[in-house]
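In case you want the letters, here they are:
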Amino acid sequence: MARWYQTWVVLPLLAFATPGTSALQNAQKANLVVIMSDDQDARLGSLEAQPYVKNTLMAEGLSLTNHFATVAQCCPSRTSYFRGQAAHNTNLTHVVAPGGGWEKFVQSGIESNYLPHWLKAAGYRTEYMGKIMNGYNLATYNSPKPSGWDYADLLLNPYTYEGNNVVMSQNGERPIFYNGYHQSDVLRAKALSRLSELAQADQPFYLQIAPTAPHAGRDGPPVPCARHMWSFNDAKAPRIPNFNPPDEIQLQKPHWLKELPLLNASQVDFVDWSYRSRLQALRGVDEIVEDVVEYLRSVDKLQNTYVIYTTDNGFHAGNHRQIGGKGLPYAEDTNIPMIIRGPGVPAGAKSSVPSTHVDMAPTYLEIAGLDKTSASYPPFLDGRSLLQEWTSSCGSDKNTKNKEILNVEFWGTISNGGGPDFEITSPVYAYKTLRIVSEKSAWLFSRWCSGNATELYNTIDDPYEITNLAINPTVENQRLISRLNGLLLVTKSCNQESCRNPWQVLQKDANAEFANLEDAMDAKYDHFFESLPSVGFQACMMYQSTANEGPYYPPESIALGAQYRNKTDNYVSHNANFTITPGNTGRMGTAAQRHVTLDTIMKSARNLTDAEIGTPVNCLPPNYCPSKGD
């Protein structure tokens, strides 16, 4: 075994007590293990490909059926998850410059003040493996090295999405190529190796495992483990009403969507191939979940560990005439799996209480017991803790009216997921979206940058979001639009309490007591809501611009969280000029490799050469370097 490998795996973990905590208090705290897939839908049957998640994790835990991403794209969604803030407050709005990426995450100061730092202050050991964020690449992996994590073993671009060509950097050290193995097997073996160390210590831990399946590969659909290649041979993308819809439906969409032609037979075949490949890739993720949970069970750590299974954003497959991809406000892209197993969580339960990734950081901090009066507690959280809802006896919260509002937003461009043969990148677009999610009424309301086009869908009667009620609206729907516009006026720039309860902002100016949409629909409030300015954009831009997105309500919300981050205007990003690592020939992840250990994997692993690491290339504003925005 090479010495560089020994350095990382044999060092013992030493429990420590942070100021204000004792070793005994730390030992009693629950562990947190998060498995986060990449681009996994909740609406198109992806969980059916994961028998362990479906039949064991869900049976032993709680499923949140109305959990949403607030940006349907990797980097901004992950940032909101880590930071507990809406994307308009993090200003991480896309996966590439100028909107976002790893270097903007670092230069904004967020990388030095996010979840792992806060959990360490609560006495936790923090570890991460897999995909962290777009833009973590051969030029940026060690400048600076990742902070906050006691151990970080991260996938590197341009290899992040290559299942058969795995390149990672441990704690910002020289990248390693894992020759002969599939990414899912490498991450599974690494996770078990780390857990064997973590389970021996008295210190509570947070471990996040982030495979890239079922995200598309660099040149087409995801490449699954070889042992799963023949699974789901007859599977096809669900032919639901918004799948490749006719003109009378598609023409109700805004901006460039309404101009998309019907998918032809070859494109539909590609959609089905991609869909099958995604299901096959998810089998490898299911094995990671199975082995992690069963290992925790075998060492008697499971009952004091929260195991969370989720993803960063959803995915569409032929829906709304898009071959694949994400970036749209619709349910396929934003409603995502969220399954929790842990102390006090009812088994086999489901909750329909709406929640988002913005709520995850405050939830973890409550589990960790970080004192809200502590200097280490973040003052800027936009989300709320979900712990009480997770552990209630019925798996839900009856008082849901004040939790009915979800904010979704987007800036930039998106691929249609059709690479390599049918790929098209969208024009630049942006939207601000509001979801009302409750049992009695549910709505999707969007305002797009192109002509300030408006969408309104009754998502109870129209769950596939195909009948746009904002086109020639009835009198009653116009009254509804005025209320939703007022809410969106608040949520599009909300912060902290105004994100958790935007009705309070409107109540103050209306001198009223409405606390939910049902109350606000009273006719006595018609004049107030009609008097509010309309949400809109001056232009379609690749990034967030305060001048472009006014008015702001209340006026001070124009700050957009700037007091909690550094300025990143015209920041420089970096790629590398390098020699490609040869990768593996054939398909990795055979049946014989199903239970391969990290010791075995390391026998054929090697450091990247200097040529394979390459030299940094400056990517300068305003055009930066060409990059696939996935």
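Preceding this paragraph is the structure being described.
## Thoughts on the packing of helix α3 (residues 51–60) against helix α10 (residues 265–298)
- Contact geometry for α3 and α10: axes closest at 8 Å, N-to-C directions at 40°. As the angle between them shows, α3 and α10 are arranged oblique. Read as a crossing pair, α3 and α10 show a hand that is left-handed. For the pair α3 and α10, contact is made by Pro51, Tyr52, Val53, Thr56, Leu57 and Glu60 and by Arg283, Asp286, Val289, Glu290, Val293, Glu294 and Arg297, respectively.
- When the residues that make up the contact of α3 with α10 are grouped by side-chain class, the tally is six nonpolar, one polar and six charged.

## What about the pattern of salt bridges?
- Here the structure, examined in full by the defined rule, presents 37 salt bridges.
- Across the salt bridge formed by Asp312 and Arg78, the nearest N and O atoms sit 3.0 Å from each other. Taken together, the positions of Asp312 in the loop between β9 (305–311) and α11 (331–334) and Arg78 in helix α4 (residues 74–83) put the pair 234 residues apart, joining distant regions of the chain. For the pair Asp312 and Arg78, one class covers both residues: buried.
- Among the ionic contacts, a cluster of salt bridges with common partners joins Asp185, Arg188, Arg227, Glu287, Glu290, Asp291 and Arg594.

## Quick look at the side chain of Glu111
- Mapped onto the secondary structure, Glu111 falls in the loop between α6 (102–107) and α7 (115–121).
- Of the side chains bearing the opposite charge, Arg83 lies closest to the buried Glu111, which forms no salt bridge; the N-O distance is 10 Å.
- Residues in contact with Glu111, not counting those within four places in the same chain, are Trp102, Phe105, Val106, His117, Lys145, Pro146 and Ser147.

## Overview of the packing of helix α8 (residues 183–198) against α10
- Here α8 crosses α10 at 15°, and the two axes come no closer than 9 Å. For the element pair α8 / α10, the angle class is roughly parallel. Classified by chirality, the crossing of α10 by α8 is right-handed. Each of Ser184, Leu187, Arg188, Ala191, Leu192, Leu195 and Ser196 in α8 lies in contact with α10, whose residues at this interface are Gly284, Glu287, Ile288, Asp291, Val292, Tyr295 and Leu296.
- In terms of residue class, the contact of α8 with α10 is built from eight nonpolar, three polar and three charged.

## Topic: the side chain of Asp526
- Here Asp526 is to be found in helix α18 (residues 526–530).
- Ignoring any residue separated from it by four or fewer positions in sequence, one finds Asp526 in contact with Arg479 and Arg483.

## A word on the pairing of strand β5 (residues 151–155)
- Burial analysis of β5 places five of its five residues in the buried class, which makes it a mostly covered element.
- Burial along β5 is two-sided: Tyr151, Asp153 and Leu155 facing one way and Ala152 and Leu154 facing the other are all buried.
- Sheet topology note: the strand β4 (residues 125–130)/β5 ladder contains four bridges and is parallel. Residue Tyr128 lies in a different strand from β5, and its bridge partner there is Ala152.
- Note that β5 and strand β6 (residues 167–170) share three bridges and pair antiparallel. Looking at β6, one finds that Leu155 is bridged to Met168.

## Some points on unusual backbone geometry
- For the bond running from Ala97 to Pro98, omega is 5°, close enough to zero to count as cis.
- Mapped onto the fold, Pro98 is located in the loop between α5 (87–90) and α6.
- Even without glycine at this site, Asn244 takes up a positive phi of about 40°.
- Inspection of the secondary structure assignment puts Asn244 in the loop between β8 (205–210) and α9 (247–250).
- Not every positive phi belongs to a glycine, and Gln496 is a case in point at roughly 50°.
- Looking at where Gln496 falls in the secondary structure, it is placed in the loop between α14 (475–491) and α15 (497–500).

## Re the nonpolar core
- If you look at the biggest cluster of nonpolar residues, it comprises 60 residues, and the most contacted ones within it are Leu115, Ile132, Tyr206, Tyr306, Ile308, Tyr364 and Trp390.
- Aside from chain neighbours lying at most four places away, what touches Leu115 is Phe82, Tyr206, Ala361, Tyr364 and Leu365.
- Grouped together as the second largest cluster of nonpolar side chains are 56 residues, Leu282, Val293, Leu302 and Val307 included.

## A few points about α14
- Look at α14: 25 Å from first C-alpha to last across 17 residues, which is about the 24 Å you get at 1.5 Å a residue.
- When you tally the buried positions in α14, you get 14 out of 17 residues, the bulk of the element.

## Here's the deal with the sheet that holds strand β15 (residues 442–448)
- Across the sheet, which stays open at both edges, the four strands sit in the order β13-β14-β15-β16 with antiparallel pairing between neighbours. Edge strands, defined here as strands with exactly one partner in the open sheet, are β13 (405–412) and β16 (454–458). Strand-to-strand twist in this sheet, taken as the mean axis angle between neighbours without regard to direction, amounts to 10°.
- As paired strands, β15 and β16 are joined by five bridges and run antiparallel to one another. If you follow Phe445 over to β16, its bridge partner there is Leu456.

## As for the sheet that holds strand β2 (residues 62–64)
- Across the sheet, which stays open at both edges, the eleven strands sit in the order β11-β2-β10-β9-β1-β8-β4-β5-β6-β7-β18 with mixed pairing between neighbours. Strand pairing shows two members of the sheet lacking a second neighbour, β11 (349–351) and β18 (606–607), which therefore form its edges.
- Sheet topology places β6 next to strand β7 (residues 176–177); two bridges connect them, and they run antiparallel. Counterpart to Val167 in the pairing with β7 is Phe177.

## Remarks on the state of the cysteines
- Inspection of every chain in the model, using the stated rule, returns three disulfides.
- What pairs with Cys449 in a disulfide is Cys540, and their sulfur atoms sit 2.0 Å apart. Judged by the sign of its S-S torsion, about 100°, the bond between Cys449 and Cys540 is right-handed. Taken together, the residues Cys449 in the loop between β15 and β16 and Cys540 in the loop between α18 and β17 (573–577) connect sequence positions 91 residues apart.
- One disulfide bridge connects Cys619 with Cys625, the sulfur atoms lying 2.0 Å from each other. In this structure, the disulfide formed by Cys619 and Cys625 twists by about -95° around the S-S bond and is classed as left-handed.
- Judged by its relative accessible area of 21%, Cys625 is partly exposed.

Calculation criteria
Residues numbered from 1 in each chain as written. Predicted model: local features only at pLDDT ≥ 70, side-chain atom pairs only at ≥ 80, totals over all residues. Heavy atoms only, no water. Axes fitted to C-alpha atoms, helices over the stretch in contact; angles between N-to-C directions. Helix = DSSP H or I, 4+ residues; strand = E, 2+ residues; numbered from the N terminus. Parallel < 35°, antiparallel > 145°, perpendicular 65-115°, else oblique. Left-handed = near helix turned anticlockwise from the far one by under 90°. Contact = heavy atoms within 4.5 Å. Nonpolar A, V, L, I, M, F, W, Y, C, P; charged D, E, K, R; others polar. Salt bridge = Lys/Arg side-chain N within 4 Å of Asp/Glu carboxyl O. Buried < 20%, exposed > 50% of the residue type's maximum accessible area, 1.4 Å probe, protein only. Lys, Arg positive; Asp, Glu negative; His and termini not counted. Pairing = 2+ DSSP bridges. Core = buried A, V, L, I, M, F, W, Y, C linked by side-chain atoms within 4.5 Å. Expected span 1.5 Å × (residues − 1). Disulfide = S-S within 2.5 Å.

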